[in-house]
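The residues making up each chain are set out below.
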Amino acid sequence: MSLTLDTVTLTYPDGDGRLTALDEVGLVVPAGTTTALVGPSGSGKSSLLAVAATLVTPDRGRILVGGTDTVALRPAERAVLRRREIGIVFQQPNLLPSLTALEQLELMGRLDGGRRVTGRARDLLGAVGLGDLAHRRPHQLSGGQRQRVNIARALVNEPSVLLVDEPTSALDHERGAAVLGLLFRLTRERGTATVLVTHDRARLDEADAVGEMHDGRLAAPAATTAG
Ligand code: ADP
Ligand code: MG
């Protein structure tokens, strides 16, 4: 399923007035493709991910996952859609210290109606190159390995949409590049509609499209040679 933002506006309270974090943003991300978002700090990149994740409701506009307008859903319906259809990867992996890599993933299935996802969790840990480390806890993993667990966890409920905010900022260049390459590959293989906020311009040409944000506005994303 694709992700579509249709003239989405988001404001925050700011003193006596409102600050416009997203200004009539439009974006279409087809299934199986990655759109990279770049732009200065404060330009609205994380706000765009937050509304796409249904964590924040915009003032105006529509956000479509497949054919479903998530803004129009009731809160309980939106919570189910978020668990099933939206995978989120933030800068810090936020893994639970007491759980093994495999258990981090299994927990996501439990949160989604008690589904058993052990087989899929093992498959995903293999896909991110951690097949032999499934029983390690976070403190026994490197920063890059923890971010790989984070990515695998975001995919365990087979979401349609994958939202990724600066996943490489805590990693050195080489490990960061490997994580970006992994995200591009998983997006193609798993068919997710992926939005990747990144400061890392090194592998941007491997995204299918690149969009620049400034002051809450998104210029029409330009297709790259990969797309
Ligand atoms: P970016 O991710 O590009 O750095 P953000 O989306 O985080 O940008 O922020 C966009 C603007 O919205 C900034 O001016 C920021 O200060 C403001 N902002 C972000 N989150 C909030 C919030 N929860 N409350 C008020 N203002 C916010
Ligand atoms: Mg941000």
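Let me begin by describing the structure that accompanies this report. In this text the structure is predicted, and so the values were computed from the model without any measurement.

**What to know about the packing of helix 4 (residues 118-127) against helix 6 (residues 173-190)**
Viewed as axis vectors pointing N to C, helix 4 and helix 6 meet at an angle of 135 degrees, and their least axial separation amounts to 12 Å. Our classification of the angle between helix 4 and helix 6 gives oblique. The segment helix 4 lies against helix 6, with Asp123, Leu124 and Ala127 engaging Leu182, Arg185, Leu186 and Arg190. Across the contact of helix 4 with helix 6, the residue classes tally to four nonpolar, no polar and three charged.

**Here's the deal with unusual backbone geometry**
Positive phi, normally seen in glycine, also occurs at Asn94, with a value near 50 degrees. By the element assignment, Asn94 lies in the loop between strand 6 (86-89) and helix 3 (101-111). Located in the positive-phi region is Glu166, a residue other than glycine, with phi close to 45 degrees. For Glu166, the position within the fold is in the loop between strand 7 (161-165) and helix 6.

**Points about the environment of Arg78**
Structurally, Arg78 can be placed in helix 2 (residues 75-85). Remark: the alpha-carbon pair of Arg78 and Ala101, spanning 23 residues in sequence, is separated by 28 Å. Setting aside residues no more than four positions away along its own chain, Arg78 makes contact with Thr54, Thr57, Thr70, Val71 and Leu73.

**Overview of the site of ligand 1**
Inspection of the region around ligand 1 gives Tyr12, Leu19, Ala21, Pro40, Ser41, Gly42, Ser43, Gly44, Lys45, Ser46 and Ser47 as its neighbouring residues. Within the backbone of Gly44, a nitrogen or oxygen atom sits 3.1 Å from an oxygen atom of ligand 1. Measuring from an oxygen atom of ligand 1, one finds a side-chain N or O atom of Lys45 at 2.8 Å. Looking at the shell around ligand 1 element by element, the count peaks at three residues for helix 1 (residues 45-52). Split into classes, the residues belonging to the shell around ligand 1 amount to four nonpolar, six polar and one charged.

Thresholds, definitions, all that
Residues numbered from 1 in each chain as written. Chains lettered and ligands numbered in written order. Predicted model: local features only at pLDDT ≥ 70, side-chain atom pairs only at ≥ 80, totals over all residues. Heavy atoms only, no water. Axes fitted to C-alpha atoms, helices over the stretch in contact; angles between N-to-C directions. Helix = DSSP H or I, 4+ residues; strand = E, 2+ residues; numbered from the N terminus. Parallel < 35°, antiparallel > 145°, perpendicular 65-115°, else oblique. Contact = heavy atoms within 4.5 Å. Nonpolar A, V, L, I, M, F, W, Y, C, P; charged D, E, K, R; others polar. Near = heavy atom within 4 Å. Polar contact = N/O pair within 3.5 Å; in protein donor to acceptor, adjacent residues only side chain to side chain.

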